[in-house]
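Descriptive analysis of the structure
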2 protein chains.
Amino acid sequence: MAPQPHLIPSRSAKRAHYDKETIYPILDEALFCTISYVFDNKPFSIPTAFVRYENKLYIHGSVGSHFIWELEKGVPVCISVTLLDALVVAKSAFSHSVNYRSVVLFSNGVKIDEAKLKADVLEWLTNKIVPDSWDYLRPMKDNEVKKTTVIAFDIDEASAKVRTGMPNDEEEDKPLPIWSGIIPIETIRRDPQPDLLSQEIPLPKHLMPGKLIS
Amino acid sequence: MAPQPHLIPSRSAKRAHYDKETIYPILDEALFCTISYVFDNKPFSIPTAFVRYENKLYIHGSVGSHFIWELEKGVPVCISVTLLDALVVAKSAFSHSVNYRSVVLFSNGVKIDEAKLKADVLEWLTNKIVPDSWDYLRPMKDNEVKKTTVIAFDIDEASAKVRTGMPNDEEEDKPLPIWSGIIPIETIRRDPQPDLLSQEIPLPKHLMPGKLIS
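Residues numbered from 1 in each chain as written. Chains lettered and ligands numbered in written order. Predicted model: local features only at pLDDT ≥ 70, side-chain atom pairs only at ≥ 80, totals over all residues. Heavy atoms only, no water.

This part takes up the interface of chain A and chain B. With 83 residues of chain A at the contact, the number on the chain B side is 83 residues. Both faces combined, the contact of chain A with chain B buries some 7000 Å², and carbon together with sulfur accounts for 68% of it. The interface formed by chain A and chain B contains 6 salt bridges. In this structure, the salt-bridge partner of Arg138(B) is Asp173(A), at a minimum N-O distance of 2.6 Å. At the surface where chain A touches chain B, the tally comes to 26 residue pairs in polar contact (both at pLDDT 80 or more). Looking at the side of chain A that touches chain B, the elements that each hand over two or more residues are strand 2 (32–39), strand 3 (42–49), helix 2 (66–71), strand 6 (76–89), strand 7 (97–112), helix 3 (115–129), strand 10 (181–189) and strand 11 (193–194) of chain A. For the side of chain A that touches chain B, the element with the highest residue contribution is strand 10 of chain A, accounting for 9 residues. Counted by class, the side of chain A that touches chain B contains 46 nonpolar, 21 polar and 16 charged residues. Pairing analysis gives 2 bridges linking strand 10 of chain A to strand 11 (residues 193–194) of chain B, with the strands arranged antiparallel. Its bridge partner lying in strand 11 of chain B, Ile182(A) is registered against Gln193(B). (Contact = heavy atoms within 4.5 Å. Buried area = accessible area lost by both parts, 1.4 Å probe. Salt bridge = Lys/Arg side-chain N within 4 Å of Asp/Glu carboxyl O. Polar contact = N/O pair within 3.5 Å; in protein donor to acceptor, adjacent residues only side chain to side chain. Helix = DSSP H or I, 4+ residues; strand = E, 2+ residues; numbered from the N terminus. Nonpolar A, V, L, I, M, F, W, Y, C, P; charged D, E, K, R; others polar. Pairing = 2+ DSSP bridges.)

Spelled out as structure tokens, the structure:
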């Protein structure tokens, strides 16, 4: 299927991808997205956690959040996700770049009212951010689900943009004795630090250090 | 000065800050922001590098970028910056949170035409992303500055939101033998990897590993 015109970037269009095999892994690795919407003809953006399941992206928020009130109306949103992989250091500042994987998604939110799906989304979201943690935690209460709004977004109008590899220096710069290459960037989890209530509680297996996240 | 109403979050307003002493360091630590604007009544968002200097935030882009064409018109933008510091793991999923430092800025872009300021911005931006690198690189050429658009945004309508510390579990959950605490998150630079042109070129001092970025 040909991408809609607003999904085609005006710059570096060869870095653009429209297939789910590229888009889904980026959405599954990133913990946070930035959601933009229009209010009173002006743009508003908010960072928030999200989880993908099948072809939908889900967010949650308080029933008292003005942001959530807007999104649950189904207004158009633009959801942006960016993973930074490396700084690309060229021989000239002009040829500097970054290696990244990003997704931009246009959609309209639909509020989820069905209690089972709401609870499922909260479980998926919790297990995405802290893998395998849901079954270990104190079970969710009905009134907690009621205090939470869950909104779904179809992933139909989406594009990914990906840069990998080394710098692309200008031909005339290539002989210069100036170091060029990449500086990989990683986002890592440090050792968990217990609060005062948990000094004597063994760290559960799923929280053992060493896992990488973005 | 009291904040404008649209800068006051509807949730966790006690986490909001409006002083430059809080806002500037967040902008100076983050390498990338997400810029949102309205086109044809719909929201568009793009991640981009930026640098702050005095009370302005600067971005750059190709003179051929449609995104840059819109922003240089001075349309209203919402610029969002987020630094993730820790996952906050409570005894219930409902009390989970994250420690973060974020800034939301409303502004209108102004295109910078003055060559000296444009070149200065490109130097500030390069030195922000790779500290102390500008003087080491092949000097910028006039035609490279001409191919680049620089846009400035006043930092007048901005708010920061910051969460720090341990989980806030419900009183009735506190005695539960469930581990609670924080998992610090860090974004780090790995050792630089030279490209094929730079196998024999010594790594300059400013690229030596060990520096932390976000």
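Phi at Asp40(A) takes a positive value of approximately 60°, unusual for a residue other than glycine. Within the secondary structure, Asp40(A) is located in the loop between strand 2 and strand 3. For Asp40(A), a relative accessible area of 64% gives the class exposed. In the Ramachandran plot, Asn41(B) falls in the positive-phi region, its phi being about 65° despite a non-glycine side chain. When you line up the elements, Asn41(B) lands in the loop between strand 2 (32–39) and strand 3 (42–49). (Buried < 20%, exposed > 50% of the residue type's maximum accessible area, 1.4 Å probe, protein only.)

Residues and elements named next belong to chain B. Of the pairings in the sheet, the one linking strand 2 to strand 3 comprises 8 bridges and is antiparallel in character. The residue of strand 3 that forms the bridge with Ser36 is Ser45. Once strand 2 ends, the chain turns through 2 residues before running back antiparallel as strand 3, passing Asp40 with a positive phi of about 55°.

This part is about the pattern of salt bridges. Enumeration over the complete set of coordinates arrives at 24 salt bridges over all chains. Taken together, the salt bridges that share partners define one network made up of Glu29(A), Asp85(A) and Arg101(A).

Coordinates in, geometry out; function isn't part of it.
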